[in-house]
Amino acid sequence: MKRLPIGILGSGKGTNCRAILERIRSGELAAEARVVISDVLEAPILDTAREFSVANAYLPPGQFRTRLEPETEEELVKMLREAGVDLVVLAGFMRVLHGPMLKAFPRHIINIHPSLLPKFSGLEAWKQALAAGEKVTGCTVHYVDEKIDHGEIIAQREVSILPKDTPESLHARIQIAERELYPTVIAKFCAKYRGPTL
Ligand code: GAR
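Residues numbered from 1 in each chain as written. Predicted model: local features only at pLDDT ≥ 70, side-chain atom pairs only at ≥ 80, totals over all residues. Heavy atoms only, no water.

Asker: What exactly am I supposed to notice about the packing of aromatic side chains here?
Answerer: Given two aromatic rings, one states the distance between the centres and the angle between the planes to describe the pair. With the rule as written, the count across this model stands at one aromatic pair. Here the aromatic rings of Tyr 143 and Phe 189 are separated by 6.1 Å at their centres, their planes lie at 75 degrees, and the arrangement is edge-to-face. Separated by 46 residues along the polypeptide, Tyr 143 in strand β6 (residues 136-143) and Phe 189 in helix α6 (residues 167-194) bring together distant segments of the chain. Each member of the pair Tyr 143 and Phe 189 is classed as buried. Positioned above the aromatic ring of Phe 64, the side-chain terminus of Arg 67 is 3.8 Å from the ring centre. (Phe/Tyr/Trp six-rings, centres within 6.5 Å; stacked < 30°, edge-to-face > 60°. Helix = DSSP H or I, 4+ residues; strand = E, 2+ residues; numbered from the N terminus. Buried < 20%, exposed > 50% of the residue type's maximum accessible area, 1.4 Å probe, protein only. Lys NZ or Arg CZ within 6 Å of the ring centre and 35° of its normal.)

Laid out in structure tokens, this is it:
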């Protein structure tokens, strides 16, 4: 079976990465994780990759806080290309991608964000939704462009905000929704990659 080669980028815990790797292992997702890359040396997402025997790498991000240096981004392109990646999956990757990556993988980079975009882009989106008095929030998977948490929306899932919610309880429910939504969206990319079946 033709499997979609993916590369996963993350800066943190890697719960979305784990959900994706589990679905690949169980055979639910016709993808192949070629590499997991992090801009944070000690990020648990790299441990997760090791646990699943997936190639992994730390990419020293350089001097900027919210983006990669242009040469570093070129290096990232090279690493993903060498790994034969078709779809780049951002799973908590906390840096904005610019020219080199967007040029190398047009409409082949997706991101997940814990709000119903275009509402509440940026950090700790669930706290923003709570503070705004929303009744419903959720998560969004979208194509990546040069702006933060911006780009054509592919799919969303709603999560109700309950009167007794704390930031932690709300965040936990959004993350459960994320771990369902992201593999579902990636499965659609897998089907497209595989082409028509008889
Ligand atoms: C996820 O909740 C994801 O939506 C968020 O980072 C978290 C990573 O968690 N991404 C953003 O906020 C992007 N702006 P994880 O490392 O456990 O998958």
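Asker: Looking at this structure, I do not really get the sheet that holds strand β5 (residues 109-113). What am I missing?
Answerer: Backbone hydrogen bonds are what pair the strands of a sheet, in a parallel or an antiparallel way. Taking strand neighbours across the sheet as the criterion, the seven strands line up as β3-β2-β1-β4-β5-β6-β7 in an open arrangement whose pairing is mixed. Each edge of the open sheet carries a strand with a single partner, namely β3 (56-58) and β7 (153-160). Averaged over neighbouring strand pairs, the angle between their axes works out to 20 degrees when direction is ignored. Here three bridges tie strand β4 (residues 87-90) to β5, and the two strands are oriented parallel to one another. Directly across from Val 89, in β5, lies its bridge partner Ile 110. Its contacts with the sheet place α6 against β1 (4-10), β2 (31-38), β4, β5, β6 and β7, and it is angled at close to 155 degrees to β7. (Pairing = 2+ DSSP bridges. Axes fitted to C-alpha atoms, helices over the stretch in contact; angles between N-to-C directions. Contact = heavy atoms within 4.5 Å.)

Asker: I'm lost on the environment of Lys 13 in this one. Help?
Answerer: Along the chain, Lys 13 turns up in the loop between β1 and α1 (15-25). The class of Lys 13 is exposed, set by a relative accessible area of 58%. In contact with Lys 13, not counting residues within four places along its chain, are Pro 44, Ile 45, Thr 48 and Gln 175.

Asker: What exactly am I supposed to notice about unusual backbone geometry here?
Answerer: It is generally the case that most residues other than glycine have a negative phi and that most peptide bonds are trans. The step from Leu 117 to Pro 118 runs through a cis peptide bond, and the omega angle for that step is 15 degrees. Relative to the helices and strands, Pro 118 is located in the loop between β5 and α5 (125-131). Positioned with a positive phi, Arg 107 is a non-glycine residue whose angle comes to about 55 degrees. Its place among the elements puts Arg 107 in the loop between α4 (99-104) and β5. Non-glycine residue Phe 120 carries a positive phi angle of around 60 degrees. Relative to the helices and strands, Phe 120 resides in the loop between β5 and α5.

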